[in-house]
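# Descriptive analysis of the structure
Next come the chains, spelled out residue by residue.
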Amino acid sequence: MALLEVEDLVVQFYTEDGTVRAVDGISYEIDRGETVALVGESGAGKSVTCLSLLRLLERPGEIVSGEIRFDGRDVLGLSDEELRDLRGNEIAMVFQDPSAALNPVYTVGEQIAEAIRAHEDVTDETARRRAIDLLERVEIPDAASRYSEYPHEFSGGMQQRVVIAMALSCEPDLLVCDEPTTALDVTIEAGILELLEDLAAEFDTAIQLVSHDLGVVAGLCDRVQVMYAGEIVERAPTEELYYDPKHPYTVGLMASIPRIGDDRDELPTIPGSMPDLVDVPTGCRFHPRCPYAEEACRLRAPSLVDVETGVPADEPAPNDHLAACHEYTDDLVDGLDYEVVVEDGGGLE
Ligand code: SF4
């Protein structure tokens, strides 16, 4: 049994303009100790998925249907008390902006100690010692004295380390990290990603990492899932996705990553933008932006299938590499037979 099982999850937002189908029937699993990325542009549904896992969505958002099971338990059926236990104890979350996650009027050490006391019956002194230990484990220098400092005395990168220490304070089985390095500069980002990798191994914690940047997830994740307009359009082990992307959207994302020794004057971009989720395109949602779109793509939505065999994702024993494009369904669209190639210089061919 996987640690996390998400099945046919549908999340909608009710707005004046209409119903936003933010997440539309996604299914996936995360095993114990596994690190899985959700990538895609803003508006793909990544963050809404994460908030749904912890039932943190607020109105006008609503989980309309589907199932979320954590360690075999039905998360959507938990009582408020059971949900409080789940949050922090078993699933913890690290958000994009560390300054918003920390309370400016308490010292960082008090905040970590408080998180420990909220979930465990320990003395103040034990909570304090464990908080200092956690600050050391996230590599805050001189942790014992910095315990008594306030968030504004820490840099952005150090604040995010404190937030990660808080998230790990109860040794959760799953850490959900929603764009944890987006607010940080690139050198600090590398340090945080390395820290997450080390801590995941040390605590045997599974990680769901959300990012709009395929480059960020490359070194950290075992598997990558690409989301587009509320759906998962490709899923593969990280290395395979990077070297052999199948879905034209993934190919476009890959081509837009700068590479060492890159001599391109401009990075290619995917034309157009994410569709309005109140009024999603018919058929394949990517068709208005896809260079390979055929008439059939406008008429029929492709399902997620094994790229080698065409076996649907919900049937037993598909390979690890799946894509939702008519190119890979067993009833191939007439005339749609392209080869997607990322050349050395990037770009769609
Ligand atoms: Fe492009 Fe058609 Fe594949 Fe969609 S189904 S990604 S429009 S080729």
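Residues numbered from 1 in each chain as written. Predicted model: local features only at pLDDT ≥ 70, side-chain atom pairs only at ≥ 80, totals over all residues. Heavy atoms only, no water.

## Thoughts on the overall build of the chain
Rule in force here: Secondary structure counts use DSSP, requiring at least four H or I residues in a row for a helix and at least two E residues in a row for a strand, with both numbered from the N terminus. Our radius of gyration looks at C-alpha atoms and nothing else; its globule reference is 2.2 Å times the residue count to the power 0.38. The cut-offs for exposure are 20% and 50% of the maximum accessible area for each residue type, with area from a 1.4 Å probe on protein chains only; residues under the lower value are buried, those over the upper are exposed, and the others partly exposed. Every residue pair with non-hydrogen atoms within 4.5 Å of one another is taken to be in contact. Only the protein chains shown count as cover for residues, with accessible areas throughout obtained via the Shrake-Rupley method and a probe of 1.4 Å. Lys and Arg are tallied as positive, Asp and Glu as negative. Neither His nor the chain termini are counted. Charged groups are reduced to one reference atom each: NZ for lysine, CZ for arginine, CG for aspartic acid, CD for glutamic acid.
In terms of helices and strands, the chain carries twelve helices and twelve strands. For a compact globule of 349 residues, the expected C-alpha radius of gyration is about 20 Å, and the chain comes in at 21 Å, within 12% of that figure. With the principal axes as the frame, the chain shows a C-alpha extent of 70 × 50 × 40 Å. Scored against the burial criterion, the 349 residues of the chain give a buried share of 51%. Excluding contacts between residues fewer than 6 apart, the proportion of contacts in the chain whose partners are at least 24 apart in sequence is 64%. Taken as a whole, the chain presents about 16,300 Å² of accessible surface, with 45% of it coming from carbon and sulfur. Counting 25 positive and 73 negative side-chain charges, the chain places the centres of these two groups 5 Å from one another.

## Some words on the layout of surface pockets
Stated precisely, the cut-off is as follows: Cavity and pocket criteria rest on a 1 Å grid covering protein atoms alone: a 1.4 Å probe that fits but cannot get out defines a cavity, protein on both sides within 12 Å along at least 5 of 7 lines defines an open pocket, and an atom within 4 Å of a point defines a lining residue. Grid points are joined across faces, edges and corners, and a volume is the space filled by probe spheres set on the points. Gly falls in the polar group here, along with every residue not listed as nonpolar (Ala, Val, Leu, Ile, Met, Phe, Trp, Tyr, Cys, Pro) or charged (Asp, Glu, Lys, Arg).
Here the largest pocket defines a volume of roughly 960 Å³. Taken together, 36 residues line the largest pocket, and the ones lying closest to its centre are Ser-27, Arg-235, Leu-304, Ala-313 and Asp-314. Of all elements in the fold, only β1 (4-15), β2 (18-30), β9 (223-228) and β10 (231-237) reach the threshold of two or more residues within the lining of the largest pocket. A total of six residues in the lining of the largest pocket trace back to one element, the largest contributor, which is β2. The class makeup of the residues in the lining of the largest pocket is 16 nonpolar, five polar and 15 charged. As a volume, the second largest pocket reaches approximately 440 Å³. Every element with two or more residues in the lining of the second largest pocket is listed here: α2 (80-89), β6 (91-94), α4 (108-119) and α7 (156-168). The residue inventory of the lining of the second largest pocket, partitioned by class, reads 13 nonpolar, three polar and two charged.

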